[in-house]
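# Structural overview for review
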Amino acid sequence: MILPLARTSLRFSVTARRNVFGRNAIRMAHSNPNGSSNGNQQKGAMRPIPTILVGLVGLGILKAYHTRSNVVQIYEESGRPSDPDLAVEGSWQRVYAALPLREASRAWGYLNSLTVPVFMRNFLYGTYSKAFGCKLDEMDAANLTDFENLGTFFYRTLKEGARVVDTSADLVSPSDGKILCLGRVSETRQVPSVKGLTYSLDALLGKSSNCAVSDVSDEVATSFNADAHKSVKKGNALHFCVIYLAPGDYHRYHSPADWSVDTRRHFAGEMLSVSPWIVSKLRNLFILNERVSLTGQWKHGYFSMIPVAATNVGGIIINFDDQFVSNSPSIPSATQPLGTFSERHFTGKDKVVLKRGDEVGGFKLGSTIVLVFEAPEQFEFSYKDGDVVRMGTRLGK
């Protein structure tokens, strides 16, 4: 529905006696240009709402409709209730999840690709670096003016030797960042998150029944064990680690171990922020967001590496997959229900074998890497929640 914009301004009436987020906390009234009210005079401070905010609210309502359609489509058609693994719990969380952040991220990606005049580059990139703590002494480029646009600056490479991979470790950190949480996957296949929240391992890796597009038959796809449903070896367990990459971090990610990748699953989800605060408040965040699940085998069994997209991170890059495109208008989330995915397998001449420290890909801004892997039950991480890590350092033993 298109609502005509009148030449009047909307104003907030905030009642001091009520909680800001409580019922009737915020009252809205129409006023004419000379300030008189069209209805009863409202008590309290009156503050104008920018027209752009009205537009965003309208887009949010439309996005909420499409978001709800995505969540329930594949379940309502079969007469089953909505998947709780895709639920957004909480009032403000639902409003936030309904915002058009995917579209905003595409717009930001376009802005990042625009050429920055040479005379502005030192000031622009230097200001960004100071704001987010970028370590410019580590970059491979000789000068900031070498970066044509913001996108190339965000995706900068490092000098040789800036990161040293621990060759004595079986598992190293795939990126720079902060560890949000790590530990062992529960027997109920729940992955602990921050502040007591959990999410489903099955939903994170993808349920085989929700595969929308695959390059092999269902029977063949099942044999690859991309959803980690095959029993782990006796004496082993599934472990996990979540690493958050801040905007100022080195944005490329590398192989954390010697392993082979046999399956790529792409979930065209949302573009919600993955900042630690949002992660602590929004359950199922990593399941709602766009992500890529790379799965395969390492010396102890099952191994997966999952780059998760975020607001303004419209570009997830996988170096060895020329068929993969992230946050593309040709595959909007409105046409691919949440929880479903497209799948590609790497076999024969396309087989992918990675060595510890090999560059796998990267983000066009900060985001998150999730590792889920099989290892002996006595496996111990070298870090704890909240620790800062650098790519190549020993992650555990």
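If you tally the helices and strands in the protein chain, you get nine helices and 20 strands. Buried positions account for 49% of the 397 residues belonging to the protein chain. Within the protein chain, contacts between residues separated by at least 24 positions form 77% of all contacts whose residues are at least 6 apart in sequence. Carbon and sulfur atoms make up 56% of the accessible area of the protein chain, which amounts to about 20200 Å² in all.

Ranked by size, the top nonpolar core spans 68 residues in total, and within it Phe286 and Phe373 carry the most contacts. By size, the runner-up hydrophobic cluster in this structure holds eleven residues, among which are Tyr128, Leu144, Leu150 and Phe153.

The subject of this paragraph is the pattern of salt bridges. A complete count under the given rule lists 14 salt bridges for this structure. Across the pair Asp202 and Arg189 runs a salt bridge, and its minimum N-O distance is 2.8 Å. On the criterion of sequence distance, the pair formed by Asp202 in helix H6 (residues 201-205) and Arg189 in the loop between strand E5 (177-184) and strand E6 (190-192) is long-range, its members being 13 residues apart. Accessibility assignment for this pair places Asp202 and Arg189 in one class, buried. Because the salt bridges share partners, they merge into one network encompassing Glu138, Arg163, Asp176 and Arg390.

Quick look at unusual backbone geometry now. The phi angle at Ala228 is positive, at roughly 55°, despite the residue not being glycine. Here Ala228 shows up in the loop between helix H7 (218-223) and strand E9 (236-244). For Ala228, a relative accessible area of 5% puts it in the buried group.

Attention now moves to a nonpolar patch on the surface. Taken together, the side chains of Tyr110, Leu111 and Leu114 define a hydrophobic patch exposed on the protein surface, amounting to about 300 Å² of accessible area. Here Leu111 shows up in helix H3 (residues 101-113).

The next subject is the pairing of strand E15 (residues 341-345). Counting buried positions along E15 yields five of five residues, so the element is predominantly enclosed. Across the two faces of E15 the burial is the same, with Phe341, Glu343 and His345 and Ser342 and Arg344 all buried. As judged from the three bridges shared by strand E8 (residues 211-214) and E15, these two strands associate in the parallel manner. Looking at the pairing, Ser214 lines up with Glu343 of E15. In terms of strand pairing, strand E11 (residues 259-267) meets E15 through four bridges, oriented antiparallel. Paired with Arg264 across the bridge in E15 is Arg344.

This part is about the packing of aromatic side chains. One pass over the structure, following the stated rule, counts 19 aromatic pairs. Ring centres 5.4 Å apart and planes at 75° place the aromatic pair Phe147 and Phe153 in the edge-to-face group. By the burial criterion, Phe147 is buried, and Phe153 matches it. Look at Phe373 and Phe381: their rings are 6.1 Å apart centre to centre, the planes differ by 75°, and that puts the pair in the edge-to-face class. Classification of Phe373 by relative accessible area gives buried; the value is 0%. By way of ring pairs, the aromatic residues Tyr125, Tyr128, Phe132, Phe147, Phe153 and Phe154 are connected into one cluster. Note that Arg252 overlies the ring of Tyr155, its terminal NZ or CZ placed 3.9 Å from the centroid. Across from the ring centre of Phe267, 3.8 Å away, lies the NZ or CZ of Arg291, which sits over that ring.

Here we take up the pairing of strand E17 (residues 359-363). Regular strands place side chains that alternate from one sheet face to the opposite one. Within E17, four of the five residues are buried, which leaves the element mostly enclosed by the surrounding structure. As defined by bridge partners, strand E10 (residues 252-254) adjoins E17 across three bridges and the pair is classed as antiparallel. For His254, the partnering residue across the bridge sits in E17 and is Glu359. Direction of pairing for strand E14 (residues 316-318) relative to E17: antiparallel, over a ladder of three bridges. When the bridges of E17 are listed, Ile317 appears paired with Gly362.

Moving on, we get to the environment of Val352. Counting through the fold element by element, Val352 comes out in strand E16 (residues 352-354). Each C-alpha atom of the pair Val352 and Ser260 lies 5.7 Å from the other, and the pair is 92 residues apart in sequence. Once residues within four sequence positions are removed from consideration, Val352 is found in contact with Trp259, Ser260, Val261, Phe320 and Phe346.

Glancing now at the sheet that holds E17. In sheet architecture, strand pairing relies on hydrogen bonds along the backbone and comes in two forms, parallel and antiparallel. Taken in spatial order, the three strands of this open sheet run E10-E17-E14, and their pairing is antiparallel. Pairing within the sheet leaves two strands with one partner each, and these edge strands are E10 and E14. In this sheet, adjacent strand axes meet at a mean angle of 20° when their direction is disregarded.

Do not read the fine detail of predicted coordinates wherever pLDDT is low. A residue-level look at the protein chain finds 76% of positions with pLDDT of 70 or above and a mean pLDDT of 80. Counting interchain partners and residues more than four positions distant, the pLDDT-below-50 stretch residues 1-48 has 54 contacts. Here residues 71-81 is modelled with pLDDT under 50, and outside its nearest four sequence neighbours on either side it reaches 17 contacts, counting other chains as well.

Conventions and cut-offs
- Residues numbered from 1 in each chain as written.
- Predicted model: local features only at pLDDT ≥ 70, side-chain atom pairs only at ≥ 80, totals over all residues.
- Heavy atoms only, no water.
- Helix = DSSP H or I, 4+ residues; strand = E, 2+ residues; numbered from the N terminus.
- Buried < 20%, exposed > 50% of the residue type's maximum accessible area, 1.4 Å probe, protein only.
- Contact = heavy atoms within 4.5 Å.
- Areas by Shrake-Rupley, 256 points an atom, 1.4 Å probe, with all protein chains shown as cover.
- Core = buried A, V, L, I, M, F, W, Y, C linked by side-chain atoms within 4.5 Å.
- Salt bridge = Lys/Arg side-chain N within 4 Å of Asp/Glu carboxyl O.
- Patch = residues over 30% accessible without salt bridge, like charges linked within 9 Å, V, L, I, M, F, W, Y side chains within 5 Å.
- Pairing = 2+ DSSP bridges.
- Phe/Tyr/Trp six-rings, centres within 6.5 Å; stacked < 30°, edge-to-face > 60°.
- Lys NZ or Arg CZ within 6 Å of the ring centre and 35° of its normal.
- Axes fitted to C-alpha atoms, helices over the stretch in contact; angles between N-to-C directions.
- pLDDT = per-residue confidence, 0-100.

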